[in-house]
Amino acid sequence: MKSGTILVIATLLLSVAVTCGRAADTVTYSYPLPPDEQHWNGAFQDPGGKKLLDGVAAGGAAHSVIWAATTDERFVDVDLGDAVVLDRVVVHIYKHYSGRDFQLDKVRLYVPDGAKDLAWKLLAEQPGYKVADEKGTCQFAFHMPKEPLRRFRIGVQNDEQVRLALSEIEIYSAEHPDISYTVMANFEEVQHSPEDEPPVPTEDDKASGYILFAPSYLRRIFPNSVALPDERVARVTISASQGEYEPVTVAISPLQPLGQCAVKVTDLAGPGNARIAAGNIDVRTVRYWRQIPGQKGSNYAKQYMVVPELLEPSATTDVPARTTREWWITVHVPSDAPPGEYSGTIAVEPATGGSRSLPLCLRVLPFQLECPEDYSFGMYWGPWQKDRDETSETQVVAQLKDMRRHGMNSVALSAPAAMLRGQNGRYEFDLDTVTRTLELLKEQGFTRPIPWSFSFPPVDTGFGSEEHLAQVKAFVEHAAPHFADRDLPEVLWYPRDEPWHDPRREEARVLCEAIKRVPGVRTYTTVRQDTAEYLAPWLDVRCHTVSLSGGFDAGTLREAAAAAGNLFWWYTNACREYPAVMRLKGGFFFWKSGATGQYYWAYQYPKGNPCDDLDGVDWCAAYPGDAGPIPTIQWEALREGIDDFRYVVTLQRSIDKLRENTSPEAKRLAKEAQSLLDELRESIVADLAEYDRREINFHTDSIWPVESYDRWRRRIAEMIVRILPYCAGS
């Protein structure tokens, strides 16, 4: 599928059954959901829970069908349910999932032999891979005959006694040759349990055909979620500073099919003739789809869950019976909006059933949030990669604008470059793509240093040789002034990612040491505690993994970085659909950790079809779309977290100004405000060992109830408002 587009299409494949194994030992995989417009790509589950054919436990292999060591041929039979003209079939094996002790000497495609009942004829064969090959993804494409087929067979075989593995089969129809239908094994659905008993409908609910409620946007609303008592409100009330984006959600639990249902928001009328136009209010439908739950990206994942994540750019959606729907509303307060109370209406308009509305009340605060210039906020981002479809500069700029709107002032950049030996023996450098990317970053307001991932491949020599080290130095000596002469953001040299074990750890040391031979440049990499200490003499920015196993203890790491003259940053994952956790990380946790940079994997790295998390994890905080990036609930919550941090910084700077006022009232207020920040700091749990002791998963479960986030923000905002009259120049 094209990586720049999310497509929802009507299916050709009405039902699929997959049979794996020998005729005498067959395991059947069947499609758990009909592939309709909402569920085009699907995963196949093992109803027997075997996970491994031939009755052998699979262990940590994910996304793969695995056979015990054999030289016999093994088969995967695919039944499309109807005859379809196919363009091609692509067989995948993910060696980074299935391990190094697997082999696939031959991959074969069979089609039905029309002359014989239930017989197969060989159509094509391709060589596979050996155990000794490098980890990674192998794929084998077979072009299909241009005639309708209902069934085909994939055969795999080894020439020696080594285990077999097969991960995925992608099917492309002739009608839609750029859209894949993915066949996978070993997933089962995990059901969400309703939060409470369904509420008793009121007379208004019965008359309209649905229960209307306004949950916190930090609470995940599932298709079977129910309204909680405190969410059945008479009005929706929010507050925001000037220039801020502020979300609110509304949801309905239908008592009957409602058909197409739209949510509309009016202008917000404020003091005097002030108005916030409806054009500043973005209304989106929260889409449910299949995602790998929990520690997303785990090699051991074998479950999926239908969860809320994508914020589709439409205010209208179909509402069938017994399916709760949610809308995400984002109000952008203009930076020059007069402070005061604003009001408007949220209207719910179903095709069948009654229209209802809720008053929307917004308080615009009399200040703008501080932008902390000395802190870095960045996403891992690489728009132009060899293994991805072409991305236009217009799409790149749209992504950068989206990141800026969400508080980012840096990225961890992946962009190609090259160093070659010319005919005259001199080195030649290709920096065109990375230079243009840095130019775009500068144009869009990314002012902080940019970690640039470049691996320094050796040119006609061995890794780590004196010639290679000279090449590294020559490349940096050429590139650093090249960037500086163009007044581009500072590049932090990032030669290896997560070099936690040898040989990557030793490679990182060798490369960082060579880079640091060039005066004035700085290095960066992602580290664990032990890695940071090992690389300390050659490392300038320590970006720590936020994990207990990686030794993340914020106080210890902060002090160690300072003692070595390094910066202390951290990174984590922004692709898990847990909004409360994302808000905590981006804001209050970041503040207490004392780090000066936070980075996230990843802005947009889809695998295969971005609409299908089960064909390989889609690392997306925002998904690719025709009209620009499509946000997610975690992406919006991260912005709210960064805003929490900005509220804290704004209060701290207000306190600093207040202390210039020597009046008794100002001194008393400064002490009260500082006590508030001290109380907040004490309430934040930043010790990952404490989460472990409480059996709370830091990356998926909020240690605070969802209402605590807004409660703390309101207290901070109120204190800022009280301080402002005492601050000179406020």
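No experiment lies behind these values; they were computed from the predicted model shown.

(A) The packing of aromatic side chains, seen in detail. The final tally for this structure, using the stated rule, is 37 aromatic pairs. With 5.5 Å between their ring centres and 50° between their planes, Phe588 and Trp704 make a pair best called tilted. Here Trp704 lies in the loop between α12 (688–693) and α13 (707–723) and Phe588 lies in helix α9 (residues 579–593), a separation of 116 residues in the sequence. By relative accessible area, which is 1% here, Phe588 ends up buried. Looking at Trp704, the relative accessible area reads 10%, which means it is buried. Here Arg153 stacks its cationic end above the ring of Phe75, 4.0 Å away from the centre of that ring. Stacked on the ring of Phe446, the Lys or Arg Arg404 has its end atom at 5.8 Å from the ring centre.

(B) Summary view of unusual backbone geometry. With an omega of 10°, the peptide bond between Asp502 and Pro503 qualifies as cis. Considering the arrangement of structural elements, one finds Pro503 in the loop between β30 (491–494) and α6 (504–515). Residue Ala602 is bonded to the preceding Trp601 through a cis peptide linkage, with omega at -5°. Considering the arrangement of structural elements, one finds Ala602 in the loop between β34 (597–601) and β35 (604–605). One non-glycine residue with positive phi stands out, namely Arg322, at about 60°. Tracing the chain through its elements places Arg322 in the loop between β21 (316–319) and β22 (325–332). Look at Glu695: it is not a glycine, yet its phi comes out positive at around 60°. Position of Glu695 relative to the elements: it lies in the loop between α12 and α13.

(C) Spatial organisation of the packing of helix α10 (residues 633–658) against α13. Contact geometry of α10 with α13 gives a least axis separation of 10 Å together with a crossing angle of 30°. Classed by the angle they form, the pair α10 and α13 counts as roughly parallel. For the pair α10 and α13, the crossing hand works out as left-handed. In contact with Glu640, Asp643, Asp644, Tyr647, Val648, Thr650, Leu651, Ser654, Ile655 and Leu658 of α10, α13 contributes Arg713, Ile716, Ala717, Met719, Ile720 and Ile723. Its residues assigned to classes, the contact of α10 with α13 shows 10 nonpolar, 2 polar and 4 charged.

(D) Structural detail: the nonpolar core. Met379, Met403, Trp452, Trp493, Phe588 and Leu651 are the most contacted members of the largest nonpolar core, which totals 102 residues. The residues touching Met403, leaving out its near neighbours within four places in the chain, are Met379, Trp381, Met408, Val411, Phe446, Tyr603 and Trp635. Membership of the second largest hydrophobic core comes to 31 residues, among which are Cys261, Ala274, Ile281 and Trp327.

(E) Focus on the environment of Gly641. Structurally, the position occupied by Gly641 is in helix α10. For Gly641, a relative accessible area of 0% corresponds to the buried category. Put simply, Gly641 and Phe590 are 51 residues apart on the chain and 9.0 Å apart in space, counted from C-alpha to C-alpha. Sequence-distant contacts of Gly641, that is, excluding residues within four places in its chain, are made with Arg583, Gly586 and Gly587.

(F) Looking closely at the side chain of Gln604. Locating Gln604 in the fold gives a position in strand β35. There is a polar contact of 3.5 Å between the side chain of Gln604 and the backbone oxygen of Tyr623.

(G) Just the sheet that holds strand β33 (residues 567–573), in detail. Reading around the circumference, β25-β26-β29-β30-β31-β32-β33-β34 is the order of the 8 strands in this closed barrel, with parallel pairing throughout. Averaged over neighbouring strand pairs, the angle between their axes works out to 25° when direction is ignored. Relative to strand β29 (residues 450–453), strand β26 (residues 410–414) is paired through 2 bridges, and the arrangement is parallel. In the strand pairing of β29, Leu413 is matched with Trp452. Here α9 sits on the sheet and contacts β25 (376–381), β33 and β34; the angle it forms with β33, its principal contact strand, is near 160°.

(H) A look at the pattern of salt bridges. Evaluation of the coordinates by the stated rule reveals 49 salt bridges. A salt bridge links Arg284 to Asp282; the nearest nitrogen and oxygen atoms lie 2.7 Å apart. When its relative accessible area of 15% is taken as the criterion, Arg284 is described as buried. Its salt-bridge partner being Glu312, residue Arg287 comes within 3.4 Å of it at the nearest N-O pair. A residue pair is termed long-range when its members are at least 10 positions apart, and Arg287 in strand β19 (residues 281–291) and Glu312 in strand β20 (residues 303–312) qualify at 25 residues. Looking at Arg287, the relative accessible area reads 7%, which means it is buried. Given a relative accessible area of 23%, Glu312 falls into the partly exposed group. One network of salt bridges, with partners in common, ties together Glu244, Glu246, Arg583, Glu640, Asp644, Asp710 and Arg713.

About the cut-offs
Residues numbered from 1 in each chain as written. Predicted model: local features only at pLDDT ≥ 70, side-chain atom pairs only at ≥ 80, totals over all residues. Heavy atoms only, no water. Phe/Tyr/Trp six-rings, centres within 6.5 Å; stacked < 30°, edge-to-face > 60°. Helix = DSSP H or I, 4+ residues; strand = E, 2+ residues; numbered from the N terminus. Buried < 20%, exposed > 50% of the residue type's maximum accessible area, 1.4 Å probe, protein only. Lys NZ or Arg CZ within 6 Å of the ring centre and 35° of its normal. Axes fitted to C-alpha atoms, helices over the stretch in contact; angles between N-to-C directions. Parallel < 35°, antiparallel > 145°, perpendicular 65-115°, else oblique. Left-handed = near helix turned anticlockwise from the far one by under 90°. Contact = heavy atoms within 4.5 Å. Nonpolar A, V, L, I, M, F, W, Y, C, P; charged D, E, K, R; others polar. Core = buried A, V, L, I, M, F, W, Y, C linked by side-chain atoms within 4.5 Å. Polar contact = N/O pair within 3.5 Å; in protein donor to acceptor, adjacent residues only side chain to side chain. Pairing = 2+ DSSP bridges. Salt bridge = Lys/Arg side-chain N within 4 Å of Asp/Glu carboxyl O.

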